[in-house]
Amino acid sequence: MATFKICVFKHQIRQDDKYPVSIRVCWKRQYGYIKTEFYVSDKQINKKSFSIKDTYIINELNKRIVKYEDLKAKKLGFRIELYTAKELADYFQKETSPGSDTSINFIEFSRIHCERLKAQGRKSTAGTMTRTINALIDFCNGREKVSITEITSKFLGQFETFLRSERTIKRKNQFGRIVTTKKKGLSDVSVIDYITDIRTLFNAAMLEYNDEDKDEIRIIHYPFRKYKLKKAPATEKRNISALQMQCIRNASEDSLILKRTIFARDVFMLSFFLVGMNFADMYEADKYENGRLSYERKKTKGRRQDRAFISIKVEPEAAEILEKYRDKTGQRVFDFYHRYSDSHTFSSNVNKGLKKVAEACNIDEPLSTYYARHTWATMARNKCGVSKDDVDLALNHVDQGVKMADIYIEKDWSLIDRANRAVIDHLNIEPLPSNSQSDEMP
């Protein structure tokens, strides 16, 4: 049977010669302690028994013990067996603190959650969520403490309005100095991304602080029941024609001039030849054996039963570029990690170089990392007759641990190999207009 006792301890004496008062919970021959706001001096303590003799404090704490006994009998019942003494102490303290969930700092929790994501290897996801946290702090006028009870449907609506408007933000640069910049209002897609991050973090907080099995619900409200996310508009098609791809592939180094532009072109074409491989996955890739490059897709491996594993046959067109940027140490497939500190910096710099590639090839598109992937998919389906299911498989969209049939069917990467060869062959045989030159856009 759980019992309670008001306690003070000699070894806990503070510099002001006072002792903190606690309520001890004894359960299963173990102790848990509930801190109180009371402190006592030697005058308020019985020296022989070293117990409190201040009647006011005793009466106040006995009232709390009565509440604990009531909770134990009426709310816990037989479920008390699920608890340790320390867990009981925490439970009683939370249940008797009015509005206890106000103590949960949403910003602090969100930062901790991002650190956990980084530890799981999900640095990109942690990065986008950190961006959202910073925007939330901006909205709250720089406050680093935002109670989770403040995150209401009305709050989210106001935050959405803030995101859509032009705003001034302050950030530290690489030298630790505060830099003030103006940002334009976000698009519908970007607003949805930010609000989705808030919902993900809120759900994670509920999972952290609520224990339905023990009927411990610290976060009792859920703003997303009332505040509804708008549906994302159809994804903008980000593909270019075979002729434009040929121009990029065939552009002379003289026309590209800068080394970064040449590097961006090579990485872009390598991504295309490797079935639209994400730049972040190219940066991390470390397995290249028997002419095949195998990896787990960084973006989704933590959310899929099959770890988003895929194996790509490296065609001669890809092998030529691969060897150019081969990691001589053998730790990874490519030397990109020697050139850039992380995959985000790598992708960002390639995207900057691709803007110059687009200019050199007279391509009126905001060429970026996504275009190689979208272009491969469009050519595969529309020009080479590859089925949508096989395109999904090739782009690593299919979780083969979920579909029942895939439990019985052995993985056959040759489906992807044939599709990729067909796409590359289409690019090779697509005729350039007469009187055009390989390094000029027709």
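Residues numbered from 1 in each chain as written. Predicted model: local features only at pLDDT ≥ 70, side-chain atom pairs only at ≥ 80, totals over all residues. Heavy atoms only, no water.

J.: Is there a simple way to think about the overall build of the protein chain in this case?
T.: A count of helical and extended segments in the protein chain gives 16 helices and 10 strands. Of the roughly 25200 Å² of accessible surface on the protein chain, a fraction of 49% belongs to carbon and sulfur atoms. (Helix = DSSP H or I, 4+ residues; strand = E, 2+ residues; numbered from the N terminus. Areas by Shrake-Rupley, 256 points an atom, 1.4 Å probe, with all protein chains shown as cover.)

J.: Would you explain the sheet that holds strand E2 (residues 19-27) in this entry?
T.: Backbone hydrogen bonds hold the strands of a sheet together, and the pairing may be parallel or antiparallel. Pairing is antiparallel across the open sheet formed by 3 strands, whose spatial order is E1-E2-E3. With partners counted over all chains shown, the strands left at the sheet margins are strand E1 (3-7) and strand E3 (30-40), one partner each. Put simply, the sheet's adjacent strands are angled 20 degrees from each other on average, direction ignored. As paired elements, E2 and E3 share 8 bridges and run antiparallel to each other. Among the inter-strand pairings, Pro-20 is bridged to a residue of E3, identified as Tyr-39. Together, E1, E2 and E3 form the strand contacts of helix H2 (residues 85-95), whose direction differs from that of E3 by roughly 40 degrees. (Pairing = 2+ DSSP bridges. Axes fitted to C-alpha atoms, helices over the stretch in contact; angles between N-to-C directions. Contact = heavy atoms within 4.5 Å.)

J.: How do you make sense of helix H1 (residues 55-76) when you look at a structure like this?
T.: Along an α-helix, residues three or four apart share an orientation, since each turn contains 3.6 residues. An ideal rise of 1.5 Å per residue puts 32 Å on 22 residues; H1 measures up with 30 Å between its terminal C-alpha atoms. Among all positions of H1, only Ile-57, Leu-61, Ile-65, Tyr-68, Leu-71, Lys-72 and Leu-76 are buried. For H1, the angular spread of buried residues about the axis comes to 110 degrees, placing them on one side. Pointing more than 90 degrees away from the buried face of H1 are the exposed residues Thr-55, Tyr-56, Lys-63, Val-66, Lys-67, Ala-73 and Lys-74. In this fold, the buried residues of H1 make contact with E1, E2, E3, strand E5 (51-52) and H2. Here H1 starts with a cap whose side-chain oxygen sits 3.1 Å from the backbone nitrogen of Tyr-56, and that cap is Asp-54. After H1 finishes, the residue Gly-77 shows a positive phi value of roughly 55 degrees. (Expected span 1.5 Å × (residues − 1). Buried < 20%, exposed > 50% of the residue type's maximum accessible area, 1.4 Å probe, protein only. Arc of directions from axis to C-beta. Polar contact = N/O pair within 3.5 Å; in protein donor to acceptor, adjacent residues only side chain to side chain.)

J.: Would you mind showing me how to read the packing of helix H9 (residues 259-273) against helix H11 (residues 316-324) here?
T.: Packed helices, taken two at a time, are described by the angle between their axes plus the distance between the axes. Contact pair H9 / H11: the axes reach a minimum separation of 9 Å and the direction vectors enclose 140 degrees. By the criterion of interaxial angle, the relationship of H9 to H11 is oblique. Where H9 crosses over H11, the two elements pack in a sense that is left-handed. Residue-level contacts link Ile-262, Asp-266, Met-269, Leu-270 and Phe-273 of H9 to Glu-317, Ala-318, Ile-321, Leu-322 and Lys-324 of H11. Grouping the constituent residues of the contact of H9 with H11 by class yields 7 nonpolar, no polar and 3 charged. (Parallel < 35°, antiparallel > 145°, perpendicular 65-115°, else oblique. Left-handed = near helix turned anticlockwise from the far one by under 90°. Nonpolar A, V, L, I, M, F, W, Y, C, P; charged D, E, K, R; others polar.)

J.: Explanation requested: the confidence of the model for the protein chain in the structure shown.
T.: When pLDDT drops low, the exact placement of atoms in the prediction is not to be read closely. Averaged over every residue, the pLDDT of the protein chain is 85; the share at 70 or more is 88%. Mean pLDDT values for the elements of the protein chain range from 76 in strand E6 (residues 167-172) up to 95 in H11. The model gives residues 433-442 a pLDDT under 50, and that stretch makes 19 contacts with residues more than four places away or in other chains. (pLDDT = per-residue confidence, 0-100.)

J.: Just checking my understanding: could you explain the pattern of salt bridges for this structure?
T.: Opposite charge on two side chains permits pairing when their charged atoms draw close. Evaluated as defined, the whole model comprises 22 salt bridges. Across the salt bridge formed by Arg-111 and Glu-144, the nearest N and O atoms sit 3.4 Å from each other. Here Glu-144 lies in the loop between helix H4 (123-139) and helix H5 (153-164) and Arg-111 lies in helix H3 (residues 106-119), a separation of 33 residues in the sequence. Among the residues examined, Arg-111 registers a relative accessible area of 30% and is labelled partly exposed. (Salt bridge = Lys/Arg side-chain N within 4 Å of Asp/Glu carboxyl O.)

J.: Where do I start with the packing of helix H7 (residues 242-250) against H9 in this structure?
T.: Between H7 and H9, the least distance of the axes is 9 Å, while the angle of their chain directions is 130 degrees. Here H7 lies oblique to H9, going by the angle between them. For the pair H7 and H9, the crossing hand works out as left-handed. In this structure, H7 contributes Met-245, Ile-248 and Arg-249 to the contact, and H9 contributes Arg-265, Phe-268, Met-269, Phe-272 and Phe-273.

J.: What's the story with the environment of Asp-54 in this structure? I'm lost.
T.: Position of Asp-54 among the secondary structure elements: in the loop between E5 and H1. Considered as a pair, Asp-54 and Lys-43 are 11 residues apart in the sequence and their alpha carbons are 8.8 Å apart. In this structure the side chain of Asp-54 is engaged in a polar contact, spanning 3.1 Å, whose partner is the backbone nitrogen of Tyr-56. Among the polar contacts listed, one links the side chain of Asp-54 to the backbone nitrogen of Ile-57, at a separation of 3.1 Å.

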